[in-house]
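# Topology and contacts: notes
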Amino acid sequence: SQRSARRAKCKVTLKDAVLRVLDDAVDAASGGGRIPFNLRNLYYSVRDLIQKYTDKALSYSWFQSLINDYEDEHGEIPLMYRDPRGYLIEPHTGREIPLGTRAVDDYDFPLQLYDKILIVEKKGLHPLFQAYKLAERYDMAIVCAEGYSTRATKMLLLAAQVDRQMMIGCLHDADPDGYNIGRTLREATSTFQDRISVIDFGLQLEEALEM
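All of the points below concern the structure found in this document. (Residues numbered from 1 in each chain as written. Predicted model: local features only at pLDDT ≥ 70, side-chain atom pairs only at ≥ 80, totals over all residues. Heavy atoms only, no water.)

## Observations regarding the overall build of the chain
Summing up its helical and strand segments, the chain has 10 helices and 8 strands in all. With 211 residues in all, the chain has 40% of them scored as buried. For the chain, contacts bridging at least 24 residues in sequence account for 66% of all contacts bridging at least 6. Summing over all exposed atoms, the chain offers an accessible surface of approximately 12000 Å²; the carbon and sulfur share of this is 50%. (Helix = DSSP H or I, 4+ residues; strand = E, 2+ residues; numbered from the N terminus. Buried < 20%, exposed > 50% of the residue type's maximum accessible area, 1.4 Å probe, protein only. Contact = heavy atoms within 4.5 Å. Areas by Shrake-Rupley, 256 points an atom, 1.4 Å probe, with all protein chains shown as cover.)

Structure follows, in structure tokens:
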């Protein structure tokens, strides 16, 4: 009956429903394992398929976190990539490299251009840096992020530091999110186990009070 079906749906957690359909959703999003797909397309496939197991709403941010945890435990989902969130700007050339997993995998550091990378949590500051030619003055690439660093950004920074011995700096606000952006960039997290050595150029509470 419809009532018993509704009761059965209530017993299935949202996480269980997602994991039950994940393989089928990957198959659908990849065209049977033939084409690359992004995380949002996987989300759409999962959202449709879980309807037979649950009536609970599936938000993209929650789904993204669940898939991050899933990949930490089981490895990366084949053919899936993440769309860019932010970009790296090379000094002297002005070239912009989008910070998605595919672009980061293909990027080769031009060591003749820079040996430092500065991560900035707000893209709106870049015109100010351009006016003072900050990147060119210090031979420094600038990563304009959108809030917290993505896995793709951390992969890029880890390669820059481990393989190229580059200095990594972080500029952030003196608020809880700003402090957490600096902390999660440095420390191992559930979605990225490697640690990155980061010089914190963010405004500190004590400095703000003195000013």
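## Some words on the sheet that holds strand 5 (residues 116-120)
Spatially, 6 strands are ordered 4-3-6-5-7-8 in an open sheet, and the strand pairing comes out mixed. In this open sheet, the two strands that pair with only one neighbour each are strand 4 (96-98) and strand 8 (199-200). In terms of strand pairing, strand 7 (residues 167-171) meets strand 8 through 2 bridges, oriented parallel. Opposite Gly 169, over in strand 8, you have Ile 199 as the bridge partner. (Pairing = 2+ DSSP bridges.)

## A short note on the pairing of strand 6 (residues 140-144)
Of all the 5 residues making up strand 6, 5 are buried; the element is thus mostly covered by neighbouring parts of the structure. Residues Met 140, Ile 142 and Cys 144 line one face of strand 6 and the alternating positions Ala 141 and Val 143 line the opposite face, and both faces are buried. Here strand 3 (residues 87-89) runs beside strand 6; their pairing, made up of 3 bridges, is antiparallel. Across the sheet, the residue bridging to Ile 89 is Ile 142, located in strand 6. Pairing analysis gives 5 bridges linking strand 5 to strand 6, with the strands arranged parallel. Across the sheet, residue Ile 119 finds its bridge partner in strand 6, namely Val 143.

## Quick notes on unusual backbone geometry
Phi is positive for Lys 133, which is not a glycine, with a value near 50°. Residue position: Lys 133 is located in the loop between helix 6 (126-131) and helix 7 (134-137). Residue classification places Lys 133 among the exposed residues on the basis of a relative accessible area of 54%.

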